[in-house]
Amino acid sequence: MADESPPAPEPADGNVGPARNPVGVFWGGRAWEFLSLVRARSPLVQCITNFVSMDLVANTLLAAGASPAMVHSIHEIEGFTPRCDALYVNVGTLSESWLPSMRAAASAAVGAGRPWVLDPVAVSASDFRMDACLGLVALRPTVIRGNPSEILALSSACRFSDSRGVDSSHESMDAVGAAMSLAEASGATVAVSGAIDYVTDGKQVVGTHNGVAMMQKITATGCAVTALIAAFVAVDPSNTFEATLCALSIFGLAGELGMDLARGPASLRTNMIDSLYGLDEQTVASRVIVSQRR
Ligand SMILES: Nc1ncnc2c1ncn2[C@@H]1O[C@H](COP(=O)(O)OP(=O)(O)O)[C@@H](O)[C@H]1O
Ligand SMILES: Cc1ncsc1CCOP(=O)(O)O
Ligand SMILES: [Mg+2]
C-alpha cells in the first residue's frame, strides 16, 4: 500500500524519528486512535493481579477510560470471564489457591475468543512460579509483557537466573532476542519494558521511547502498563502488535507529563494518573516516539 502520510517531525536528538507502521500510519496517530477507542468503548477488563498492584492497575484503567474488575474467585470465572472484553493475569503474589483461577480464566477467555495478557512478575523467583508461568504460556496468551529479567528468564525457562525478584537487573535491549524467541515459541506478542519498551511478534521489533526512569521507583507501574495493554488489545484484538506498542507509548507519555510536576515517586504516581486521564490528541500525536528496530 502506498505511504501517503505526511513526514514525521524529527525529535530534537535527531536519532529516532516517530516511525511509520507498515501501512504508513504515524504511531502518534495510532496511539491516539487506540486511546480514543478505549475512552469510547470502555472495555471491561477482568484483572487477576497481585495485591500490591490492584489499586494502581484499577486506577490506570479507569484513567484511560476502561472498566476494571478485580474478579478472581474460581466460582466466578465461568460466568464472568466470557462477558469481559479482555483478561489480565499477573502472578506477582501467586499462591496455590489463585493459580487454578488464573488457568480457568485464561481457558475461558480463549474459549470465548477474548484476548488475554500475561505479566510474569518475578518469574524466576521459584520453581513454583516458573512452572505456573510456563503452564500459563501454554494457554496461549495474546500478549506477554515483562521487564528484561523476566523476559530473559521466561524465554529460556531458566529456573535459577540471576534475577533478584520483581525488579529487573538487565536493560531492555539485552532481552530483545529472548523476547523474539518467546514470541515465536508462544505465538504471543511479547513486550519488554525499560528505557525503551520493545514489542515483537518474533519477526519485527519496534521500540517506544516514552517514559521516565522514576517510573521504576513506583511499585506496580509494570503491572499497570500490562493492564493498559489488555485494555488496548480489547478494543482491537486483530491488531495486537499495534495495541501493545501504543499502550506502552501512552503510559510512558503519561509518566513524562506527570514528571513535569512531580517532586518524587509519590507525586509522580498521582500526576501520572491525572496526565493519562487528560491526554489530548495534539500531545499524543506530537510526543509519542517510536523507532523501528527490525
Ligand atoms: N529507564 C527507564 N526510562 C524510562 N521509562 C522506564 C525506564 N524503566 C522503566 N520505564 C517504564 O516504567 C514502566 C514499568 O516498566 P518496568 O520498570 O520495566 O517494569 P516492572 O515494573 O515490571 O519491572 C514502563 O512503562 C517502562 O516504559
Ligand atoms: C513488589 C511486589 N511484590 C510482589 S508483586 C509486586 C509488585 C510488582 O510490580 P511491578 O512488576 O510493576 O514492579
Ligand atoms: Mg513487573
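Above this text is the structure in question.
Notes on the structure follow. Per chain, the residues get numbers from 1 upward, laid out in the order the sequence is written. Labels are handed out in written order, letters beginning with A for the chains and numbers beginning with 1 for the ligands. Reporting of local features is limited, given that this is a predicted model, to residues whose pLDDT is at least 70; pairs of side-chain atoms are given and counted only at 80 or more, and all residues count toward the totals for whole chains, interfaces and linings.

### Section: the overall build of the chain
Here a helix means four or more residues in a row that DSSP labels H or I, a strand means two or more in a row labelled E, and each is numbered from the N terminus. Looking only at helices and strands, the chain has 11 helices and nine strands in total. Here the chain, with 294 residues, has 52% of them falling under the buried criterion. Any residue whose C-beta has 12 or fewer other C-beta atoms within 10 Å is treated as exposed, any with 20 or more as buried, and any in between as partly exposed, C-beta atoms being built from the backbone.

### Some words on unusual backbone geometry
One non-glycine residue, Ser-42, adopts positive backbone phi at about 45°. Mapped onto the secondary structure, Ser-42 falls in the loop between α1 (27-41) and β1 (44-48). Look at Ser-42 and you get partly exposed, because 18 C-beta atoms sit within 10 Å. Non-glycine residue Ala-220 carries a positive phi angle of around 80°. In this structure, Ala-220 sits in the loop between β8 (205-208) and α8 (221-235).

### So, the pairing of β8
Along any regular strand, the residues point their side chains to alternate faces of the sheet. Residue alternation in β8 divides its side chains into two sets, Val-205 and Gly-207 and Val-206 and Thr-208, and both sets are buried. Should DSSP find at least two bridges between two strands, the strands are taken to pair. The sheet contact formed by strand β7 (residues 197-200) and β8 spans four bridges and is antiparallel. Counted as the bridge partner of Asp-197 is Thr-208 from β8. From the end of β7 to the start of β8, which pair antiparallel, there are four residues, and Gly-202 there has a positive phi angle of about 100°. As defined by bridge partners, β8 adjoins strand β9 (residues 290-292) across three bridges and the pair is classed as antiparallel. Bridged to Val-206 within β9 is Gln-292.

### Digging into the site of ligand 1
Taken together, 17 residues lie around ligand 1, and Asn-147, Ser-193, Gly-211, Met-215 and Gly-222 are the ones closest in. Elements with a contribution of two residues or more to the shell around ligand 1: α8 and α9 (240-259). Top contributing element to the shell around ligand 1 by residue count: α8, with three residues. Here the nonpolar group is Ala, Val, Leu, Ile, Met, Phe, Trp, Tyr, Cys and Pro; Asp, Glu, Lys and Arg are the charged ones; every other residue, Gly included, is treated as polar. By residue class, the composition of the shell around ligand 1 is six nonpolar, nine polar and two charged. Think of it this way: take the backbone, place a C-beta atom on it, and check whether that atom is within 6 Å of the molecule or strand, in which case the residue is near it.

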